[in-house]
Amino acid sequence: MASGSRAAVPLDSVRTVSPGRRGEKVVSALTGDSVAMGTLKSTASPVRSVVASPLPVKGKAGREAARRRLQLLPGSQAEGPGQGQGPEEEEEEEPLLSVPEEDDEEAQPLPPVCVSPLRGMWREEKVALYCDEVLQGCKAEDADDAMSKYLTEKLKLKDKWLGVWKTNPELFFVKYEEASIPFVAILVEVNCKPRQSSSSCFKVTVSVAEPFSSNIANIPRDLVDEILEELEHSIPLLEVYPVEGQDSDLHDIALALEVVRFFYDFLWRDWDDEEICENYTALIEERINLWCDIQDGTIPGPIAQRFKKTLEKYKNKRVELIEYQSNIKEDPSAAEAVECWKKYYEIVMLCGLLKMWEDLRLRVHGPFFPRILRRRKGKRDFGKTITHIVAKVMTTDMVKDLSSDTLLQQHDDLDLALDSCYSGDTVVIFPGEYQAVNLALLTDDIVIKGIGKREEIMITSEPSHDSFVVSKADNVKLMHLSLIQQGTVDGIVVVESGHMTLENCVLKCEGTGVCVLTGAALTITDSEITGAQGAGVELYPGSIAILERNEIHHCNNLRTSDSSKSTLGGVNMKVLPAPKLKMTNNHIYNNNGYGVSILQPTEQFFIVAEEALNKGAASGDKKDDNMLSKVMQNLNLEMNNNKIEANLKGDIRIVTS
């Protein structure tokens, strides 16, 4: 059956950090995202009171009773007496208190925890840390031992220290609002005892530290003590975050803990030690690059979120399968066996999808990843072309300007119209809102044009699809349209090959902007491009673009520490071989990067070129500057009468790739 049904290997506490880690349950687990909020804070954590009424009883049975009675409710309103309770429970129920009683000890605010430098490291530093220092070329099946050895060495620096224990609220509360209380945090004193085995370093002995401190002001001290007693004061070390203000050794321990957390939260996959991988550290390097690309916006936000959700769904499905199997006491019935196989194959499908995305590193607009796999239709056998009318109802007034011999076909669905097209056809769209997945499959030479104001013909992308408008036709034209990107992860328009013309269109991007791949050509006139996460127009090596009378603004809406990514703005050119770009009468403004950025092919060339381009931008794209003209010719770049202003980084810049 599923691999998760195997006996667990030693690192039990590690598996409570990553849901579904080799089949372990995660009742007291916290994901890296949940605890990161508290980890990154440098000030004392705020304290909030909850609606609760603890029962001051001792022992395991008493602790269970206290858990049943401690109700963490949203807001300040408690349920009415007996609501959702049986008759016997209703009689015993006491009023819930929103504040502790006078003799109860109210928790103090938590001190700040050490801020780990891991998330601020450059990708090269992360790769060196994990591949060279921690894993040291080990195989996947030895990764647990490598992590354990690394952490053990760091824990030898100091055996007693203060930390904040962050754990799942389910350990304390029967009912709570997850959004308001993502975790329960308690200040504890940590005692790292000598360890008998490598796996035991992931468990640590703790006691409640003084003064009693928590992120929940009225959490009962007795309840915390009872829970720790039941746990024999032994908790997962990865749930503990060292407190700031202790000696420097604690910063090394805090970094080591974050290194291990990050490994199991993002870099480790459940299938790693089940498959043969000759170079495991190379795989880890790819996953580090993937994580960095998600963080700095290289991978568009929508596809990054989809990847994260799929990964989380995969982990949860593994947990579901393990729990379902554990509830089967005897030999499974036929129905139970079928259900197990269904859950298993769902996991296999999610695993395959994650592997595919990881292998491609989620690259969706590189020159070696074709989107369109269907063949061109070409012209009709009888040689005629058809004008397709897209409207709910067609009237004679709509076609009065067409010649009498025009062949017409009416559709109320844009997708059907595109699917019916052959080379030479025209699609006429009347005002309305439309969606069409076939816009991502443009292979034939057609014209798609709106009738009326371009703002009234709105075509939105399908969020469940990766691509919006993709063309490999020899000559396709879009006119008088508004393209609104919603959730798709590819460029709003991608020209794979051939030539595309955009005339009098509005492109409202949510992911990346317009991408012109190697060997393809694009002409944009009288259009507006806004909102792209990267550059508004991105030209790949060897591509051709003509931009005339366009507005490109408010692009590069991503946060990144990577200087090469922050330079992207209105137009970005990737050279070697140099793309050809002609820009005339464009207005490029209010972009977060540069107005025009050019990736550097050689050091020596651009020492001269950058000075020339700066002079050209300052003088309004003057063509009479000899140096500027020389640079333009070498780059196949022609710029006339463009207005480039108010861009965050500057107007024109040559940057290193």
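To be clear, the structure that these remarks concern was listed above.
As the structure is a computational prediction, the values presented were derived from the model and not from experiment.

A. Focus on the overall build of the protein chain. Assigned secondary structure in the protein chain consists of 15 helices and 30 strands. Taking all contacts inside the protein chain whose residues are at least 6 apart in sequence as the whole, residues at least 24 apart take part in 68%. For the protein chain, the accessible surface area stands at approximately 30300 Å², while carbon and sulfur atoms represent 50% of it.

B. Structural context of the state of the cysteines. Following the criterion strictly, the structure yields 0 disulfides and no others. In this structure Cys-131 is a free cysteine whose sulfur lies 9.5 Å from that of Cys-138, the closest cysteine sulfur available. Exposure remark for Cys-131: the relative accessible area of 10% places this residue in the buried category.

C. Local environment of the pattern of salt bridges. Here the structure, examined in full by the defined rule, presents 21 salt bridges. Here Lys-156 ties to Glu-153 by a salt bridge, and the two come within 3.2 Å at their closest N and O atoms. Take Lys-156: its relative accessible area is 59%, and that puts it in the exposed class. On the basis of relative accessibility, which here comes to 43%, the residue Glu-153 falls in the partly exposed class. Across the salt bridge formed by Asp-247 and Lys-158, the nearest N and O atoms sit 3.1 Å from each other. Of this pair, Asp-247 sits in the loop between strand E5 (240-242) and helix H8 (249-267) while Lys-158 sits in the loop between helix H6 (143-155) and strand E1 (160-167); the two residues are 89 residues apart in sequence, bridging distant segments of the chain. Classification of Lys-158 as partly exposed rests on a relative accessible area of 24%. Salt bridges linked by common partners bring Lys-317, Glu-320, Glu-339, Lys-342, Lys-343 and Glu-346 together as one network.

D. Representation of a nonpolar patch on the surface within the structure. A cluster of nonpolar side chains, Trp-341, Tyr-345 and Val-348, forms an exposed patch at the surface whose accessible area comes to about 300 Å². Structurally, the position occupied by Tyr-345 is in helix H11 (residues 334-360). Judged by relative accessible area, which is 49%, Tyr-345 ranks as partly exposed.

E. Spotlight on the nonpolar core. With 73 residues, the main nonpolar core has Tyr-130, Phe-172 and Phe-263 as its most contacted residues. Within the second largest apolar cluster, 55 residues are counted, among which are Val-493, Met-573, Ile-588 and Ile-598.

F. Looking closely at helix H9 (residues 280-296). Here H9 spans 25 Å end to end across 17 residues, near enough to the 24 Å set by a 1.5 Å rise per residue. With 12 of 17 residues buried, H9 lies mostly within the body of the structure.

G. Region of interest: the packing of aromatic side chains. Within the structure shown, the criterion is met by 11 aromatic pairs. Ring geometry for Phe-262 and Phe-266: centres 6.2 Å apart, planes at 15°, overall stacked. A residue pair is termed a helical-turn pair when its members lie 3 or 4 positions apart in one helix, as Phe-262 and Phe-266 do in helix H8 at 4 residues. Members of the aromatic cluster, each reached through a chain of ring pairs, are Tyr-130, Phe-262, Phe-266, Trp-291 and Phe-307.

H. Looking closely at the environment of Gly-487. Among the secondary structure elements, Gly-487 is positioned in the loop between strand E14 (482-484) and strand E15 (493-495). Measuring from C-alpha to C-alpha, the distance between Gly-487 and Cys-509 comes to 9.7 Å, with 22 residues separating the pair along the chain.

I. How the structure looks around the sheet that holds strand E17 (residues 506-508). Pairing in this open sheet of 8 strands is parallel, and the strands run E9-E11-E14-E17-E20-E23-E26-E29 from one edge to the other. Only two strands of the sheet have a single neighbouring strand rather than two, namely strand E9 (432-434) and strand E29 (643-645). This sheet shows a mean twist of 10° between the axes of neighbouring strands, independent of strand direction. Here strand E20 (residues 528-530) runs beside strand E23 (residues 551-553); their pairing, made up of 3 bridges, is parallel. Of the residues in E23, the one forming a bridge with Ile-529 is Ile-552.

What counts, and at which threshold
- Residues numbered from 1 in each chain as written.
- Predicted model: local features only at pLDDT ≥ 70, side-chain atom pairs only at ≥ 80, totals over all residues.
- Heavy atoms only, no water.
- Helix = DSSP H or I, 4+ residues; strand = E, 2+ residues; numbered from the N terminus.
- Contact = heavy atoms within 4.5 Å.
- Areas by Shrake-Rupley, 256 points an atom, 1.4 Å probe, with all protein chains shown as cover.
- Disulfide = S-S within 2.5 Å.
- Buried < 20%, exposed > 50% of the residue type's maximum accessible area, 1.4 Å probe, protein only.
- Salt bridge = Lys/Arg side-chain N within 4 Å of Asp/Glu carboxyl O.
- Patch = residues over 30% accessible without salt bridge, like charges linked within 9 Å, V, L, I, M, F, W, Y side chains within 5 Å.
- Core = buried A, V, L, I, M, F, W, Y, C linked by side-chain atoms within 4.5 Å.
- Expected span 1.5 Å × (residues − 1).
- Phe/Tyr/Trp six-rings, centres within 6.5 Å; stacked < 30°, edge-to-face > 60°.
- Pairing = 2+ DSSP bridges.
- Axes fitted to C-alpha atoms, helices over the stretch in contact; angles between N-to-C directions.

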